[in-house]
Amino acid sequence: MEDTSPGVEDPPINDDGLTEAEEFDSLAGILADGVVGAAGGLVGTAMMTVVFLIAQSLGAFNLDDFAVLTELVGLTGYVPEVLFGFFIFLGGGMFPWPLLFASLKAYLPGQSDPVSGAYFGAAMWTGFVLAFYTGQSGLALVLYVVLTLIAHVVYGIGLGAVFNYFSTRPDSIV
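## Looking at the pattern of salt bridges
Using the criterion set out here, one finds one salt bridge in the structure. Across the pair Lys105 and Asp113 runs a salt bridge whose closest N-O atoms are separated by 3.2 Å. Given a relative accessible area of 22%, Lys105 falls into the partly exposed group.

Here is the structure:
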């Protein structure tokens, strides 16, 4: 029996005949959200890598440090350590971190996704700065701290910008 009370409206139905809630909960919607998150993570990680390259050129960070990730999974000697470690890092930037950002962005400071992403990146940096510290001191330590923070803020801005782009498109469900 349908409620025909005055003031009660039916939920809007899209082109596929689904309500917004049904579309959000559909498998296709969930997969689309995952693709958006992965794309945001790829963009953010690419932007972050540029800052890491700048830090490496200044002697504050070494991309060879990604080899420790290969060591953690026990593949040292079987694969190119730095390249494989970077791919592990890239995978983390594309999958679990965007998922966490999507889950938390409503609770993060900022009026837009890129600003919320900057805060998210800064929070992530607190673990990175300790995990990848390799004994820098003096000016190299200052540059390491500042440039890795900038890299993480840039990652968050890139991640948030992609989320913002897809959420404002008329045919997006993010």
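## Structural notes on the confidence of the model for the protein chain
Averaged over every residue, the pLDDT of the protein chain is 88; residues scoring 70 or more account for 83%. Least confident of the elements in the protein chain is helix α1 (residues 20–25), whose mean pLDDT is 60; most confident is helix α6 (residues 113–131), at 97.

## Some words on the nonpolar core
Residues Phe52, Phe61, Phe66, Phe89, Phe128, Phe132 and Tyr144 are the most contacted members of the largest nonpolar core, which totals 25 residues. Listed by contribution, the elements that provide at least two residues to this core are α2 (27–57), α4 (81–94), α6 and α7 (138–167). When residues of this core are assigned to their parent elements, the largest contribution, seven residues, is made by α7. The contact partners of Phe128, leaving out residues within four places of it in the chain, are Phe52, Phe61, Phe89, Tyr144, Thr148 and His152.

## Concerning the environment of Asp64
Relative to the helices and strands, Asp64 resides in the loop between α2 and α3 (67–72). Distance from Asp64 to Val82, taken between C-alpha atoms, is 5.4 Å for residues 18 residues apart in sequence.

## Let's talk about the packing of aromatic side chains
If you walk through the whole model with that rule in mind, you get 19 aromatic pairs. On the numbers, 5.7 Å between centres and 65° between planes, the contact of Phe66 with Phe132 is edge-to-face. Residue Phe66 is found in the loop between α2 and α3, and its partner Phe132 is found in the loop between α6 and α7; the two are separated by 66 residues along the sequence. Residue Phe66 is classed as buried on the basis of its relative accessible area of 0%. Their ring planes at 80° and their centres at 5.1 Å tell us that Tyr165 and Phe166 sit as a pair that is edge-to-face. Among the residues examined, Tyr165 registers a relative accessible area of 45% and is labelled partly exposed.

Calculation rules
- Residues numbered from 1 in each chain as written.
- Predicted model: local features only at pLDDT ≥ 70, side-chain atom pairs only at ≥ 80, totals over all residues.
- Heavy atoms only, no water.
- Salt bridge = Lys/Arg side-chain N within 4 Å of Asp/Glu carboxyl O.
- Buried < 20%, exposed > 50% of the residue type's maximum accessible area, 1.4 Å probe, protein only.
- pLDDT = per-residue confidence, 0-100.
- Helix = DSSP H or I, 4+ residues; strand = E, 2+ residues; numbered from the N terminus.
- Core = buried A, V, L, I, M, F, W, Y, C linked by side-chain atoms within 4.5 Å.
- Contact = heavy atoms within 4.5 Å.
- Phe/Tyr/Trp six-rings, centres within 6.5 Å; stacked < 30°, edge-to-face > 60°.

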